[in-house]
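In case you want the letters, here they are:
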Amino acid sequence: MLEFLYEYGLFFAKTVTFVIAIAIILMLIVGAAVKPKAKKGEIQIDNISEQLDNIKQSFLHNTLGKKELKAHQKKLKADNKKNDSKEPKPRLYVVDFIGSMDAHEVESLREEITAIISIADASKDKVLIRLESGGGVVHGYGLAASQLQRIKNAGIPLSVAIDKVAASGGYMMACVADEIIAAPFAIVGSIGVIAQIPNFNKILKKNDVEFEQITAGEFKRTLTLFGENTDKAREKFREEIEQTHGLFKTFVSTQRPSLDISSVATGEHWFATQAIEKGLVDVIKTSDDALLEQQDECQIYKIKYKIKKGLSDKLALGFSSAVNKAGVNLVSKFKSLNP
């Protein structure tokens with residue numbers, strides 16, 4: 001009997017999931033038929049200094065004795081009164097960039113940097129980018145690097161912190177900084193270019209399928225997915241890859257002229273403890289330590305551009321979450337009944 005209930009529960013969960021999935025698809029089709037409006041967003045500011053201070057005070061409140069806590073609170077009150085009469089601290093603006101292959105995150109990055117440039121005081125304020133990316137499309141990461149260049153062009157000191165990885169296009173962005181900070185086992189480098197294209201021409205020929213492609217211009221298309229590739233096309237494609245690599249090397253060596261570019265632009269990657277010896281990074285430490293070091297000197301703010309979700313986005317997200325939760329709960333319930 002319990003086995004029947006278990007099987008029935010699974011069947012019911014699958015049925016509900018299928019019905020709701022069809023409903024979501026219909027909603028998306030209807031939504032696509034309506035002319036989409038440009039998504040609007042807003043700049044969200046989080047006070048990191050306040051968050052760090054709250055953590056510190058909470059820890060002290062739970063670890064100090066009554067006498068010690070009273071003395072600490074008295075000192076804190078006196079320090080706050082003294083700080084009120086001082087000039088405002090310089091500001092450190094923090095931006096997180098976690099890049100995907102197509103670097104679509106640059107759309108938010110450009111808004112965040114525009115906001116910072118519009119309010120930052122170049123004579124005392126600073127910017128820290130917490131960067132994580134294994135690279136991706138050249139034009140996307142080229143634009144992302146150009147966004148960071150805007151900070152330097154405005155005369156604002158720029159640091160990049162790498163906790164996990166900044167390789168290929170990620171390193172293209174990182175090298176723009178005045179200072180590159182990296183955690184010991186962060187992966188950096190990979191100054192190279194790669195392109196991979198499958199070719200199905202032999203499969204088409206085997207199944208008597210013809211493929212036709214008409215172009216104007218000898219090299220409008222070099223390598224192709226379905227046509228028969230020629231040595232001339234391969235050579236042209238290789239030439240384009242080399243040109244892109246050359247531009248990449250020139251960009252990195254311009255940003256970090258002390259680098260021996262010929263030894264680091266081999267497409268290899270290194271851990272930060274190795275990369276510092278080659279001049280690819282400047283300091284070995286985590287972004288957490290970098291922020292703690294600035295806590296007393298600067299007022300730290302995290303800047304994030306947040307896109308407002310429309311009704312259809314919220315409904316789709318709500319349906320998806322509900323389906324997942326219902327399915328997991330139902331299966332778990334019947335599974336627990338099954339011996």
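Just above, that's the structure.
What you see as residue numbers is a count from 1 along each chain, following the sequence as written. Note on the predicted model: pLDDT of at least 70 is required for a residue's local features to be given, and 80 or more for side-chain atom pairs to be given and counted; whole-chain, interface and lining totals, by contrast, use all residues. Excluded from the side-chain calculation are hydrogens and water; included are all heavy atoms of the structure.

Draft legend 1. Looking closely at the overall build of the chain. Scanning the chain from N- to C-terminus turns up 12 helices and 9 strands. Using a 1.4 Å probe on the protein chains alone, a residue whose accessible area is under 20% of its type maximum counts as buried, one over 50% counts as exposed, and one in between counts as partly exposed. Every one of the 339 residues in the chain was classed for burial, and the buried ones make up 31%. The contact definition used throughout considers only heavy atoms, calling two residues in contact when any of these lie within 4.5 Å. Within the chain, contacts between residues at least 6 apart in sequence are counted, and of these 74% link residues at least 24 apart. Put simply, the chain shows about 22000 Å² of open surface, and 57% of that area lies on carbon and sulfur atoms. Secondary structure follows DSSP: runs of H or I at least 4 residues long count as helices, runs of E at least 2 residues long count as strands, and numbering of each begins at the N terminus. Calculation of accessible area relied on Shrake-Rupley with a 1.4 Å probe; when residues are assessed, cover is drawn exclusively from the protein chains displayed.

Draft legend 2. Looking closely at the packing of aromatic side chains. Geometry of aromatic contacts follows a simple scheme: Phe, Tyr and Trp rings, the Trp one being its six-membered ring, pair when their centres are within 6.5 Å, and the pair is stacked under 30 degrees between planes, edge-to-face over 60, tilted otherwise. Across all of its chains, the model carries 2 aromatic pairs by this definition. On the numbers, 5.8 Å between centres and 75° between planes, the contact of Phe185 with Phe271 is edge-to-face. In this pair, Phe185 sits in the loop between strand 5 (179–182) and strand 6 (187–189) while Phe271 sits in strand 7 (residues 269–271), placing the two residues 86 residues apart along the sequence.

Draft legend 3. Region of the structure containing the nonpolar core. Side-chain atoms within 4.5 Å are what join buried Ala, Val, Leu, Ile, Met, Phe, Trp, Tyr and Cys residues into a set we call a nonpolar core. Judged by nonpolar contacts, the single largest core of 46 residues is most densely connected at Leu109, Ile129, Leu148, Ile162, Tyr171 and Met173. At 5 residues, the largest contribution of residues to this core is made by helix 5 (residues 138–153). Here the limits of each domain have been adopted from an automatic or database domain assignment. Counting only domains with at least three residues in this core, you end up with domain 1 (41–65 + 90–190 + 267–307) and domain 2 (193–259). If you look at the next biggest cluster of nonpolar residues, it comprises 10 residues, including Val94, Leu128, Leu291 and Cys298.

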